[in-house]
Amino acid sequence: QKGSTMKSFSLPSTKGGRTKVPAKNGSVVFFFNKSDTPGCKAEADTFDELYSEFSKKGVQVVGISMEEVEALKESNAGRKVELLSDADGAISEQFDSELKVPLIGAKLGFSARNTFLLSNKGEVLSVWQEGKNMGNVKNGKHAAQVLDSVAENIKSSNPLVSLFG
C-alpha cells in the first residue's frame, strides 16, 4: 500500500470528540488488537515514551482499535498518545488492517497490528506489518523505527514528504 492515498477520516477519541486523520503535518497511525493485552499495551507505552520526539517533528500519532471508545478510555487513562475507536471496523478495513481467519477470510472483530506513516494529503509513505518488517513492539524497537522513518522523510527530497514542512 506504500504510495497509495488514503481518504481522510475522523473517529471518536479517548481525548474527547472526534479526531481527523491525517493531520496538517502528517500522521503516524498504528492499529492494534485490544488495549488491555500485554503486546498492545507495550506498543502504546513505547509510542507514549517517544511522544515528545514525534511532537517536536510536528507529526500526529494515533492508535486505532476496533474497541468502543469507552473501553479505550478505561484501559488507557493518562496516556499521551491519542487512541481512536474504529468500532465498526470500516477504517481498519480501508487500511487492510482487520484481522481475518487465514484462508477463509472471516473477520475476527479486531484490528491487525500494522503501522502507517501518512503525509498530510493521505499518501502512504511507509508501512510496517507485524511478522514482516515491524520491529519488536514490546521493547520499543517498533516505535523507534517509525520515529527514524519520520526523520528520514522530513529530510528527504521526495515530493511526497515535502508536505511535512
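Residues numbered from 1 in each chain as written. Predicted model: local features only at pLDDT ≥ 70, side-chain atom pairs only at ≥ 80, totals over all residues. Heavy atoms only, no water.

Undergrad: Please clarify how the overall build of the chain should be interpreted in this entry.
TA: Scanning the chain from N- to C-terminus turns up five helices and nine strands. Ordered by position from N to C terminus, the α and β elements of the chain give β-β-β-α-α-β-α-β-α-β-β-β-β-α. Going through the 165 residues of the chain one by one, you find that 48% of them count as buried. Accessible surface, the chain: about 8000 Å² in total, of which carbon and sulfur atoms supply 50%. (Helix = DSSP H or I, 4+ residues; strand = E, 2+ residues; numbered from the N terminus. Buried < 20%, exposed > 50% of the residue type's maximum accessible area, 1.4 Å probe, protein only. Areas by Shrake-Rupley, 256 points an atom, 1.4 Å probe, with all protein chains shown as cover.)

Undergrad: Would you mind going over the environment of Asp148 with me for this structure?
TA: For Asp148, the location among the structural elements is in helix α5 (residues 141–155). Considering only alpha carbons, one finds Asp148 and Phe54, 94 residues apart in sequence, at a separation of 9.9 Å.

Undergrad: Can you walk me through the sheet that holds strand β4 (residues 60–65) in this structure?
TA: Neighbouring strands of a sheet are bound in pairs by backbone hydrogen bonds; such pairs are parallel or else antiparallel. Pairing within the open sheet is mixed, and its five strands lie in the order β5-β4-β3-β8-β9. Each of the sheet's edge strands pairs with one partner strand only, and the pair in question is β5 (82–85) and β9 (124–129). Going from strand to strand, the sheet's axes swing by 20 degrees on average, the running direction of each strand aside. The pairing of strand β3 (residues 27–31) with β4 spans five bridges and is parallel. (Pairing = 2+ DSSP bridges. Axes fitted to C-alpha atoms, helices over the stretch in contact; angles between N-to-C directions.)

Undergrad: Help me understand unusual backbone geometry, please; the structure alone is not making it clear to me.
TA: As a rule of thumb, non-glycine residues mostly have phi less than zero, and peptide bonds are mostly trans rather than cis. Residue Pro22 is bonded to the preceding Val21 through a cis peptide linkage, with omega at -5 degrees. Among the structural elements, Pro22 can be located in the loop between β2 (18–21) and β3.

Undergrad: When you look at the nonpolar core in this model, what are you seeing that I'm missing?
TA: Soluble globular proteins tend to bury their nonpolar side chains together. Counting 18 residues, the largest nonpolar core has Val28, Phe30, Phe47, Phe54 and Val61 as its most contacted members. Looking at this core, the elements that each hand over two or more residues are β3, α1 (38–49), β9 and α5. The element best represented in this core is α5, accounting for four residues. With near-sequence residues (within four places) excluded, Val61 lies in contact with Val28, Phe30, Phe47, Phe54, Val81 and Glu82. With 15 residues, the next largest nonpolar core counts Val29, Ile64, Ile91 and Phe116 among its residues. (Core = buried A, V, L, I, M, F, W, Y, C linked by side-chain atoms within 4.5 Å. Contact = heavy atoms within 4.5 Å.)

Undergrad: I tried to follow the pairing of β9 on my own but got confused; where do I start?
TA: Consecutive side chains of a regular strand alternate in pointing toward one face of the sheet and then the other. Buried residues dominate β9, accounting for five of its six residues. Examined bridge by bridge, strand β8 (residues 114–118) and β9 share five bridges and lie antiparallel to one another. Within β9, the position partnered with Asn114 by the bridge is Gln129. Linking β8 to β9, which pair antiparallel, is a turn of five residues; within it Gly122 sits at a positive phi near 90 degrees.

All quantities given are derived from atomic positions and should not be read as evidence of function.
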